[in-house]
Amino acid sequence: MQYPRFGFIRQKFPAGDNPDPRQTVAAELERSGILAPVRKGDRVLITCGSRGIVSMKEVMRAVIDAVRERGGEPLIYPAMGSHGSGTAEGQVEVLRHLGITEATIGAPIYSGLEMVEVDRVHDSVPVYADRAAVEADHILIVNRIKEHTEYIGETESGILKMAVVGFGRQPGAETMHQLAVNITYYKAIHLIAAALFKNLKILGGLALLEDHFNQLRRVEAIRPGEIFSREPELLKESKLYKPTLPFEELDILVVDEIGKEISGTGMDTKVVGRIMNVYEKECETPRITRIVVRDLSEATGGNATGIGLADYTTIRAAGKTDFHATMTNCVTAVAPEKGRMPLAFKNDREAIEAAFRTIGIRPPDQVRVAWISNTKDLERLAVSSALVESFDGEKSDLFDLPYDKDGNLPKLKELL
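Residues numbered from 1 in each chain as written. Predicted model: local features only at pLDDT ≥ 70, side-chain atom pairs only at ≥ 80, totals over all residues. Heavy atoms only, no water.

Caption draft 1: Focus on the overall build of the protein chain. A tally of regular secondary structure across the protein chain gives 14 helices and 15 strands. Relative to the 2.2 N^0.38 estimate, which gives 22 Å for 416 residues, the radius of gyration of the protein chain is 22 Å and therefore close to what a compact globule would have. The contacts of the protein chain with a sequence gap of at least 6 include a subset with a gap of at least 24, amounting to 74%. Surface summary for the protein chain: the accessible area is close to 16,900 Å², and the carbon and sulfur share equals 48%. Across the protein chain, the 52 positively charged side chains and the 60 negatively charged ones have centroids separated by 0 Å. (Helix = DSSP H or I, 4+ residues; strand = E, 2+ residues; numbered from the N terminus. Rg over C-alpha atoms; globule rule 2.2 N^0.38 Å. Contact = heavy atoms within 4.5 Å. Areas by Shrake-Rupley, 256 points an atom, 1.4 Å probe, with all protein chains shown as cover. Lys, Arg positive; Asp, Glu negative; His and termini not counted. Charge placed at Lys NZ, Arg CZ, Asp CG, Glu CD.)

As C-alpha cells, then:
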C-alpha cells in the first residue's frame, strides 16, 4: 500500500500559571469558609474519582490538612460508579493505580460498600448512596469540571455528576443511566443530585479547572446552595481550555492508547467527534471517517470501555481486555456501544491499512491522517503531508511511518 508521508506538528496552547495545588486549595478553602461547620471529631468524607487528574494527590493532601486543622477526621471515598468492576476492592485498586493510597495522601481510604436507598424521584426511581456517605458528619465533593463524554448539556462532568455516580456507586450509576434513556442525562443527573443534596450533609464542592496541558489552572470552592447555578458557568470556562485536534475533518485518526484514566470513555468523545449514544445528540465536529486504536493503557487495568468508538484495533489491544470489567462499566453506563470490539488485526500495519482501504479513493498526498498518543495529550501529533501543508504553525520535515519488522509502530511519544 502506498502511504502518505508524515510530519510532526505542534499546537501552541497558552501557557498557564500552574499554581501550587496545595497552596491554592488551602487558600480557597479558607476564602470560602465551606469547612466552617466542621467540629472536632467530625467524620468528613472526601470524594476521590478515577479520571487521572494530575494534581489529585496534592489536592487530597491539602483538603486532608485543612479538615484536620479544624479537628475533623478525613476519610477518602472512592467515588467512581462502576469502575474497578463496581466492587469496593476494585475501586480502591483503581485509586492505587493512580498513586492514591493511605501512604501517599496520609489519610484512610474507605474500603467498604453498603448501599442505602435515601429517596425516590420521577415516579419511584430509587436514589442510592453508600452508607458511609449517609452516616458521614460532612461531605466535600472534589472533582474536575469538564465536558461529559456521553451528552451535551449546561452541566456535564463535575460536582453534580460526581455526587450521583460517586455516592450511588454501581447501582446508583446504573439507575441514573437508565433514567437518562427516558429523560436525558442532564435531567437525570440534576434530579438525582437534588435528592442527594437534600438527604446528605454536603459541605459544598471543590471544583478543579485545568489548562490545555491537563495541569491545574485554578480551584473554586462552592457552597452547596450555589452549585447548581455555578457549575454551568464553570463548564463554559473549562471549554476554553480544552485540548482539541487542530482539524475539523480527518480521513483517519490513529490513537496509540485508550484508558479510563484518559477519559471515562477511554478516549474523549468530544475530541474524536463520536458520542455514539442512541438517546443523546451526536457531535457535529470533528468529522472522522475511520478511527484506529492501537492499544490499551496500562493504568486502565484491562477496562476497554470506548474501544467501540473505533473502527479498527489490534489483537494486542483485544488481548489485554478485561471483558468483565468492560462489560460492567458499559452495562452500568447503559452504553453497550462503547464496549463493542472493532475488527482486530495482528499488527498496526494491517489495522491502519484496513482504515486506508475504507475511506474512499484519493491520492496518498491528499489523505488526511492524524496520529496521536491519546485524547488528552494533543499538543504534539504526527499528521500526513496534506495536513502538514495546511497547518499554520510549528512543523517538521516529512518521514515515512516507522513500522518495525513485526509491522508495529513505536509509541508516538518515543518519536517526539
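Caption draft 2: Helix α3 (residues 88-97), seen in detail. Every buried residue of α3 is accounted for by Ala 88, Gly 90, Gln 91, Val 94 and Leu 95. One side of α3 carries all its buried residues, which in axial view fall inside an arc of 165°. Here the buried face of α3 lies against β2 (43-48), β3 (73-78) and α6 (159-183). Phi turns positive one or two residues past the end of α3, at Gly 99, with a value near 85°. (Buried < 20%, exposed > 50% of the residue type's maximum accessible area, 1.4 Å probe, protein only. Arc of directions from axis to C-beta.)

Caption draft 3: Main features of the packing of α6 against helix α7 (residues 185-199). Two elements in contact, α6 and α7, have axes whose closest approach is 8 Å; the angle formed by their N-to-C orientations is 140°. Considered as vectors, α6 and α7 are oriented oblique to each other. Between α6 and α7 lies a crossing whose hand is right-handed. Contact residues: α6 offers Leu 160, Lys 161, Ala 163, Val 164, Met 176, His 177, Leu 179, Ala 180 and Ile 183, while α7 offers Tyr 185, Lys 187, Ala 188, Ile 189, His 190, Leu 191, Ile 192, Ala 193, Leu 196 and Phe 197. Residue classes in the contact of α6 with α7 are distributed as 15 nonpolar, two polar and two charged. (Axes fitted to C-alpha atoms, helices over the stretch in contact; angles between N-to-C directions. Parallel < 35°, antiparallel > 145°, perpendicular 65-115°, else oblique. Left-handed = near helix turned anticlockwise from the far one by under 90°. Nonpolar A, V, L, I, M, F, W, Y, C, P; charged D, E, K, R; others polar.)

Caption draft 4: View of the environment of Glu 414. For Glu 414, the position within the fold is in helix α14 (residues 412-415). Remark: the alpha-carbon pair of Glu 414 and Ser 373, spanning 41 residues in sequence, is separated by 10.0 Å.

Caption draft 5: A look at the pattern of salt bridges. In the structure shown here, the tally under the stated rule is 38 salt bridges. For Arg 5, the salt bridge goes to Asp 400, with nearest N and O atoms at 3.2 Å. Of this pair, Arg 5 sits in the segment before β1 (6-10) while Asp 400 sits in the loop between β15 (394-395) and α14, and the two are 395 residues apart along the sequence. Accessibility expressed as a relative area gives 38% for Arg 5, which makes it partly exposed. With a shortest N-O distance of 3.5 Å, Asp 406 and Lys 405 are connected by a salt bridge. Within the structure, one salt-bridge network assembled from shared partners comprises Asp 256, Arg 294, Asp 295, Arg 316, Lys 320 and Asp 348. (Salt bridge = Lys/Arg side-chain N within 4 Å of Asp/Glu carboxyl O.)

Caption draft 6: Broad picture of the side chain of His 148. Mapping His 148 onto the fold places it in the loop between β6 (138-144) and α6. The class for His 148 is buried, based on a relative accessible area of 5%. A distance of 2.8 Å separates the side chain of His 148 from the backbone nitrogen of Glu 150, its partner in a polar contact. Leave out the neighbours within four places in its chain, and His 148 touches Glu 156, Ser 157, Lys 161, Tyr 185, Thr 269 and Lys 270. (Polar contact = N/O pair within 3.5 Å; in protein donor to acceptor, adjacent residues only side chain to side chain.)

Caption draft 7: Main features of the packing of aromatic side chains. Tallied over the entire structure, the rule returns eleven aromatic pairs. Summarising the aromatic geometry, the rings of Tyr 185 and Tyr 279 are spaced 5.8 Å apart at their centres and angled 15° between planes, so their arrangement reads as stacked. Here the residue Tyr 185 occupies a position in helix α7, and Tyr 279 occupies one in the loop between α9 (269-272) and β10 (287-296), the gap between them amounting to 94 residues. The residue whose ring lies beneath Arg 349 is Tyr 403, and the NZ or CZ to ring-centre distance is 4.2 Å. (Phe/Tyr/Trp six-rings, centres within 6.5 Å; stacked < 30°, edge-to-face > 60°. Lys NZ or Arg CZ within 6 Å of the ring centre and 35° of its normal.)

Caption draft 8: Fine view of the sheet that holds strand β7 (residues 202-210). Taken together, five strands build an open sheet; the order of strands is β3-β2-β6-β7-β8 and the sheet is mixed. Since the sheet does not close on itself, it has two edges, and those belong to β3 and β8 (216-222), each with one partner. Put simply, the sheet's adjacent strands are angled 20° from each other on average, direction ignored. Sheet analysis places β2 next to β3, joined by six bridges and oriented parallel. Its bridge partner being in β3, Leu 45 is matched across the sheet by Leu 75. The sheet strands contacting α6 are β2, β3, β6 and β7, and the helix crosses β6 at an angle near 120°. Contacting β7 and β8, helix α8 (residues 227-239) runs over the sheet at an angle of about 170° to β8. (Pairing = 2+ DSSP bridges.)

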